[in-house]
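# Reading the structure
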Amino acid sequence: MCIRDSNNSCISNPAYQDIFIAPSLQAQYISLPVCKNEITYLNASNSSSNASEYIWRIYDPSEPLGYLDIITNVPSNNYTFTTNGWHRVILTTQQTLSNGVICYSDPFIDSIYIYDLPIPYFTANTACQDESTFFTNQSTASLDANIQDFNWIVDLYGIDGNPVTYSSSPPLGTSADISHTFNSPNIYSVVISATDFNSCSVSDTIDITVVPNPTAQISVNDGVCLGECIYVADDSQQNSIFTIDEWNFTTNNTAIDSCSPIASNIDNACLLYTSDAA
(Lines give C-alpha, C1' and ligand atoms only; values in the text may rest on other atoms or scores of the structure.)
Protein backbone atom coordinates (compact mmCIF):
# COMPACT_ATOMS: atom_id res chain seq x y z
CA MET A 1 0.00 0.00 0.00
CA CYS A 2 1.32 3.52 -0.88
CA ILE A 3 0.12 6.90 0.38
CA ARG A 4 0.39 10.10 -1.74
CA ASP A 5 -0.10 13.63 -0.33
CA SER A 6 -2.56 16.24 -1.61
CA ASN A 7 0.08 17.84 -3.81
CA ASN A 8 0.71 14.51 -5.38
CA SER A 9 4.39 15.02 -4.71
CA CYS A 10 5.28 13.16 -1.52
CA ILE A 11 4.97 9.44 -1.62
CA SER A 12 5.35 7.14 1.36
CA ASN A 13 7.34 3.99 1.35
CA PRO A 14 5.16 0.94 0.54
CA ALA A 15 3.61 -0.95 3.46
CA TYR A 16 2.99 -4.65 3.13
CA GLN A 17 0.47 -6.87 4.91
CA ASP A 18 -0.31 -10.48 4.10
CA ILE A 19 -3.99 -11.35 3.84
CA PHE A 20 -4.97 -15.00 4.25
CA ILE A 21 -7.81 -16.19 2.04
CA ALA A 22 -9.15 -19.49 3.31
CA PRO A 23 -9.98 -22.04 0.63
CA SER A 24 -13.66 -22.52 0.01
CA LEU A 25 -15.44 -25.31 1.82
CA GLN A 26 -17.38 -28.10 0.19
CA ALA A 27 -19.98 -30.27 1.92
CA GLN A 28 -20.94 -33.72 0.70
CA TYR A 29 -22.16 -36.97 2.25
CA ILE A 30 -23.17 -40.42 1.10
CA SER A 31 -25.56 -42.93 2.67
CA LEU A 32 -27.14 -46.22 1.64
CA PRO A 33 -30.82 -47.13 2.00
CA VAL A 34 -31.62 -49.00 5.20
CA CYS A 35 -34.66 -50.48 6.87
CA LYS A 36 -36.92 -48.51 9.14
CA ASN A 37 -35.78 -48.53 12.80
CA GLU A 38 -32.21 -49.41 11.79
CA ILE A 39 -29.25 -47.03 12.08
CA THR A 40 -28.57 -44.88 9.01
CA TYR A 41 -24.87 -44.06 8.67
CA LEU A 42 -24.03 -40.69 7.09
CA ASN A 43 -20.50 -40.43 5.67
CA ALA A 44 -19.18 -36.92 4.94
CA SER A 45 -15.55 -37.87 4.38
CA ASN A 46 -15.72 -36.44 0.84
CA SER A 47 -16.28 -32.97 2.26
CA SER A 48 -13.43 -30.48 2.47
CA SER A 49 -10.69 -31.73 4.77
CA ASN A 50 -10.28 -28.29 6.38
CA ALA A 51 -13.83 -28.33 7.77
CA SER A 52 -13.92 -28.25 11.55
CA GLU A 53 -17.65 -28.78 12.14
CA TYR A 54 -20.44 -30.51 10.28
CA ILE A 55 -23.96 -29.17 10.62
CA TRP A 56 -26.70 -31.68 9.80
CA ARG A 57 -30.40 -31.03 9.40
CA ILE A 58 -32.31 -34.33 9.22
CA TYR A 59 -35.96 -34.23 8.22
CA ASP A 60 -38.16 -36.84 9.89
CA PRO A 61 -41.92 -36.47 10.51
CA SER A 62 -41.50 -38.22 13.85
CA GLU A 63 -39.41 -35.32 15.21
CA PRO A 64 -41.36 -32.64 17.13
CA LEU A 65 -40.32 -29.92 14.65
CA GLY A 66 -40.32 -32.24 11.67
CA TYR A 67 -36.53 -32.13 11.61
CA LEU A 68 -33.50 -32.47 13.91
CA ASP A 69 -30.30 -30.38 13.87
CA ILE A 70 -27.07 -32.14 14.83
CA ILE A 71 -23.52 -30.72 14.91
CA THR A 72 -20.52 -33.06 14.81
CA ASN A 73 -16.79 -32.38 14.69
CA VAL A 74 -16.07 -35.51 12.68
CA PRO A 75 -17.19 -36.23 9.08
CA SER A 76 -19.79 -38.79 10.07
CA ASN A 77 -23.15 -39.04 11.75
CA ASN A 78 -25.84 -41.64 12.34
CA TYR A 79 -29.56 -41.47 12.83
CA THR A 80 -32.43 -43.94 13.21
CA PHE A 81 -35.49 -43.16 11.10
CA THR A 82 -38.79 -44.43 12.48
CA THR A 83 -40.76 -43.65 9.31
CA ASN A 84 -40.29 -45.15 5.87
CA GLY A 85 -39.95 -43.34 2.55
CA TRP A 86 -37.74 -40.49 1.35
CA HIS A 87 -36.08 -38.23 3.96
CA ARG A 88 -34.15 -35.06 3.12
CA VAL A 89 -30.82 -34.46 4.85
CA ILE A 90 -28.93 -31.16 4.52
CA LEU A 91 -25.22 -30.89 5.37
CA THR A 92 -23.31 -27.63 5.82
CA THR A 93 -19.65 -27.56 6.85
CA GLN A 94 -17.86 -24.73 8.61
CA GLN A 95 -14.32 -23.70 9.50
CA THR A 96 -13.31 -21.30 12.28
CA LEU A 97 -10.19 -19.32 11.35
CA SER A 98 -7.53 -18.25 13.84
CA ASN A 99 -8.94 -14.71 13.91
CA GLY A 100 -12.39 -16.02 14.83
CA VAL A 101 -13.90 -15.64 11.38
CA ILE A 102 -16.22 -18.55 10.48
CA CYS A 103 -16.41 -19.75 6.90
CA TYR A 104 -19.37 -21.82 5.70
CA SER A 105 -19.86 -24.12 2.75
CA ASP A 106 -22.89 -24.10 0.54
CA PRO A 107 -25.51 -26.55 1.82
CA PHE A 108 -25.39 -30.03 0.33
CA ILE A 109 -28.94 -31.35 -0.06
CA ASP A 110 -29.81 -34.97 -0.74
CA SER A 111 -32.47 -37.53 0.24
CA ILE A 112 -32.20 -40.95 1.81
CA TYR A 113 -34.69 -43.77 1.26
CA ILE A 114 -35.84 -45.82 4.24
CA TYR A 115 -37.40 -49.20 3.51
CA ASP A 116 -40.77 -50.16 4.96
CA LEU A 117 -40.93 -53.30 7.15
CA PRO A 118 -42.85 -56.55 6.83
CA ILE A 119 -45.42 -57.33 9.54
CA PRO A 120 -45.09 -60.85 10.96
CA TYR A 121 -48.21 -62.38 12.52
CA PHE A 122 -49.84 -65.76 13.02
CA THR A 123 -52.84 -67.36 14.66
CA ALA A 124 -52.89 -70.76 16.34
CA ASN A 125 -55.56 -73.17 17.47
CA THR A 126 -55.80 -74.06 21.15
CA ALA A 127 -54.72 -77.70 21.12
CA CYS A 128 -54.56 -80.46 23.67
CA GLN A 129 -51.25 -81.88 24.80
CA ASP A 130 -49.78 -84.53 22.50
CA GLU A 131 -51.84 -83.17 19.60
CA SER A 132 -50.68 -80.85 16.84
CA THR A 133 -50.92 -77.10 17.27
CA PHE A 134 -51.33 -75.51 13.84
CA PHE A 135 -49.79 -72.09 13.26
CA THR A 136 -51.50 -70.16 10.46
CA ASN A 137 -49.18 -67.54 9.00
CA GLN A 138 -50.97 -64.23 8.41
CA SER A 139 -47.96 -61.98 7.90
CA THR A 140 -48.08 -58.93 5.63
CA ALA A 141 -45.42 -57.80 3.17
CA SER A 142 -43.96 -54.30 3.36
CA LEU A 143 -44.70 -51.53 0.88
CA ASP A 144 -41.29 -52.01 -0.72
CA ALA A 145 -40.62 -55.75 -1.03
CA ASN A 146 -42.20 -59.18 -0.78
CA ILE A 147 -41.37 -61.51 2.09
CA GLN A 148 -38.57 -63.94 1.31
CA ASP A 149 -38.76 -66.35 4.23
CA PHE A 150 -40.01 -66.96 7.76
CA ASN A 151 -38.18 -68.27 10.81
CA TRP A 152 -39.91 -69.62 13.90
CA ILE A 153 -38.85 -70.35 17.46
CA VAL A 154 -41.41 -72.54 19.20
CA ASP A 155 -41.33 -72.77 23.01
CA LEU A 156 -38.94 -69.83 23.31
CA TYR A 157 -38.17 -70.43 27.00
CA GLY A 158 -37.83 -74.22 26.80
CA ILE A 159 -40.79 -75.05 29.03
CA ASP A 160 -41.50 -78.29 27.12
CA GLY A 161 -37.82 -79.05 26.49
CA ASN A 162 -35.45 -77.10 24.28
CA PRO A 163 -36.71 -74.38 21.93
CA VAL A 164 -37.49 -75.75 18.47
CA THR A 165 -36.77 -73.81 15.28
CA TYR A 166 -38.63 -74.03 11.99
CA SER A 167 -38.31 -72.32 8.62
CA SER A 168 -41.05 -71.67 6.10
CA SER A 169 -41.55 -69.60 2.99
CA PRO A 170 -44.35 -67.90 1.06
CA PRO A 171 -46.98 -68.15 -0.27
CA LEU A 172 -49.33 -67.80 2.66
CA GLY A 173 -51.89 -70.52 3.16
CA THR A 174 -49.55 -73.30 2.04
CA SER A 175 -45.85 -73.58 2.74
CA ALA A 176 -45.76 -70.61 5.12
CA ASP A 177 -47.58 -72.48 7.92
CA ILE A 178 -46.10 -74.87 10.47
CA SER A 179 -47.35 -77.28 13.14
CA HIS A 180 -45.88 -78.50 16.40
CA THR A 181 -46.85 -81.02 19.07
CA PHE A 182 -46.44 -80.06 22.73
CA ASN A 183 -46.04 -82.80 25.32
CA SER A 184 -47.44 -80.93 28.29
CA PRO A 185 -50.10 -78.29 28.90
CA ASN A 186 -48.86 -74.75 29.43
CA ILE A 187 -48.63 -71.28 27.89
CA TYR A 188 -45.83 -71.19 25.35
CA SER A 189 -44.10 -68.25 23.66
CA VAL A 190 -43.64 -68.55 19.90
CA VAL A 191 -41.50 -66.16 17.84
CA ILE A 192 -42.09 -65.55 14.13
CA SER A 193 -39.59 -63.56 12.07
CA ALA A 194 -40.30 -62.30 8.56
CA THR A 195 -37.45 -61.24 6.24
CA ASP A 196 -38.11 -59.53 2.92
CA PHE A 197 -36.02 -59.12 -0.23
CA ASN A 198 -34.59 -55.82 1.08
CA SER A 199 -33.14 -57.84 3.99
CA CYS A 200 -35.51 -56.08 6.37
CA SER A 201 -36.45 -58.42 9.20
CA VAL A 202 -39.02 -58.07 11.97
CA SER A 203 -39.96 -60.48 14.77
CA ASP A 204 -43.06 -60.83 16.88
CA THR A 205 -43.69 -63.01 19.93
CA ILE A 206 -47.12 -64.46 20.60
CA ASP A 207 -48.21 -66.69 23.47
CA ILE A 208 -50.29 -69.77 22.70
CA THR A 209 -52.13 -72.11 25.06
CA VAL A 210 -51.93 -75.91 25.19
CA VAL A 211 -54.52 -77.50 27.48
CA PRO A 212 -54.44 -80.84 29.32
CA ASN A 213 -56.39 -83.82 28.06
CA PRO A 214 -59.61 -84.64 29.94
CA THR A 215 -59.45 -87.41 32.54
CA ALA A 216 -61.84 -90.25 31.79
CA GLN A 217 -63.39 -91.90 34.86
CA ILE A 218 -66.64 -93.78 35.48
CA SER A 219 -68.27 -95.60 38.37
CA VAL A 220 -70.82 -98.45 38.03
CA ASN A 221 -73.14 -100.46 40.24
CA ASP A 222 -71.21 -103.69 40.19
CA GLY A 223 -72.59 -107.15 40.80
CA VAL A 224 -75.97 -107.10 39.07
CA CYS A 225 -77.96 -110.01 37.78
CA LEU A 226 -77.93 -111.09 34.17
CA GLY A 227 -80.37 -109.05 32.16
CA GLU A 228 -80.34 -106.11 34.57
CA CYS A 229 -78.87 -102.72 33.83
CA ILE A 230 -75.44 -101.69 34.96
CA TYR A 231 -75.75 -97.94 35.47
CA VAL A 232 -72.72 -95.88 34.52
CA ALA A 233 -71.96 -92.62 36.34
CA ASP A 234 -69.64 -90.15 34.66
CA ASP A 235 -66.86 -88.96 36.99
CA SER A 236 -64.63 -87.62 34.19
CA GLN A 237 -62.74 -84.36 34.61
CA GLN A 238 -62.71 -81.83 31.79
CA ASN A 239 -59.77 -79.54 31.11
CA SER A 240 -59.72 -75.83 31.79
CA ILE A 241 -61.09 -74.68 28.42
CA PHE A 242 -63.02 -77.36 26.55
CA THR A 243 -66.09 -79.24 27.75
CA ILE A 244 -66.47 -82.97 27.24
CA ASP A 245 -68.91 -83.61 24.42
CA GLU A 246 -68.20 -87.20 23.48
CA TRP A 247 -67.45 -90.44 25.27
CA ASN A 248 -66.10 -93.61 23.69
CA PHE A 249 -66.22 -96.68 25.87
CA THR A 250 -65.80 -100.39 25.45
CA THR A 251 -65.96 -103.43 27.71
CA ASN A 252 -64.34 -106.83 27.67
CA ASN A 253 -67.76 -108.27 26.74
CA THR A 254 -69.14 -107.38 23.33
CA ALA A 255 -72.71 -108.36 24.10
CA ILE A 256 -73.97 -104.86 24.81
CA ASP A 257 -77.26 -104.43 23.00
CA SER A 258 -78.91 -101.43 24.57
CA CYS A 259 -76.27 -98.72 24.51
CA SER A 260 -74.47 -96.93 21.71
CA PRO A 261 -70.66 -97.19 21.96
CA ILE A 262 -70.47 -93.41 21.36
CA ALA A 263 -72.79 -91.48 23.62
CA SER A 264 -73.43 -87.77 23.95
CA ASN A 265 -73.97 -88.18 27.69
CA ILE A 266 -73.19 -91.38 29.57
CA ASP A 267 -74.39 -90.25 32.99
CA ASN A 268 -76.82 -92.97 34.19
CA ALA A 269 -76.44 -94.85 30.89
CA CYS A 270 -77.63 -98.44 31.05
CA LEU A 271 -75.38 -101.26 29.91
CA LEU A 272 -77.49 -104.38 29.42
CA TYR A 273 -75.55 -107.64 29.37
CA THR A 274 -77.11 -110.65 27.63
CA SER A 275 -74.54 -113.09 28.94
CA ASP A 276 -72.70 -113.37 32.21
CA ALA A 277 -69.14 -112.05 32.41
CA ALA A 278 -66.75 -110.57 34.88
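Since this is a predicted model, take the numbers as computed values, not measurements. (Residues numbered from 1 in each chain as written. Predicted model: local features only at pLDDT ≥ 70, side-chain atom pairs only at ≥ 80, totals over all residues. Heavy atoms only, no water.)

Structurally, H180 is set in strand β14 (residues 178–181). There is a polar contact of 2.7 Å between the side chain of H180 and the side chain of Y166. Residues contacting H180, with those up to four places away along its chain left out, are E131, S132, T133, F135, V154, V164 and Y166. (Helix = DSSP H or I, 4+ residues; strand = E, 2+ residues; numbered from the N terminus. Polar contact = N/O pair within 3.5 Å; in protein donor to acceptor, adjacent residues only side chain to side chain. Contact = heavy atoms within 4.5 Å.)

Moving on to the pairing of β14. Side chains of β14 alternate between two faces, with I178 and H180 buried and S179 and T181 left unburied. One ladder, built from four bridges, connects strand β11 (residues 132–137) with β14; its direction is antiparallel. Bridge pairing links F135 to I178 in β14. (Buried < 20%, exposed > 50% of the residue type's maximum accessible area, 1.4 Å probe, protein only. Pairing = 2+ DSSP bridges.)

For the rest of this paragraph, the subject is the packing of aromatic side chains. One pass over the full model with this rule turns up 10 aromatic pairs. Ring plane angle 50° and centroid distance 5.8 Å describe the contact between Y59 and Y67, whose orientation is recorded as tilted. Given the relative accessible area of 22%, Y59 is considered partly exposed. With relative accessibility at 26%, the residue Y67 sits in the partly exposed group. (Phe/Tyr/Trp six-rings, centres within 6.5 Å; stacked < 30°, edge-to-face > 60°.)

On to the state of the cysteines. Counted under the stated rule, the structure contains one disulfide. Covalently, C35 is tied to C200 through a disulfide, its sulfur atoms 1.9 Å apart. In this structure, the disulfide formed by C35 and C200 twists by about -95° around the S-S bond and is classed as left-handed. In this pair, C35 is assigned in strand β1 (residues 34–35) and C200 in the loop between β15 (186–196) and β16 (201–211), connecting sequence segments 165 residues apart. When sorted by exposure, C35 lands in the same class as C200, which is buried. (Disulfide = S-S within 2.5 Å.)

Another point: the sheet that holds strand β9 (residues 122–124). What the three strands build is an open sheet, ordered β9-β11-β14; its pairing is antiparallel. The strands lining the two open edges of the sheet, one partner per strand, are β9 and β14. When the angles between neighbouring strand axes are averaged without regard to direction, this sheet yields 25°. With three bridges joining them, β9 and β11 adopt antiparallel strand pairing. Residue T123 lies in a different strand from β11, and its bridge partner there is T136. (Axes fitted to C-alpha atoms, helices over the stretch in contact; angles between N-to-C directions.)

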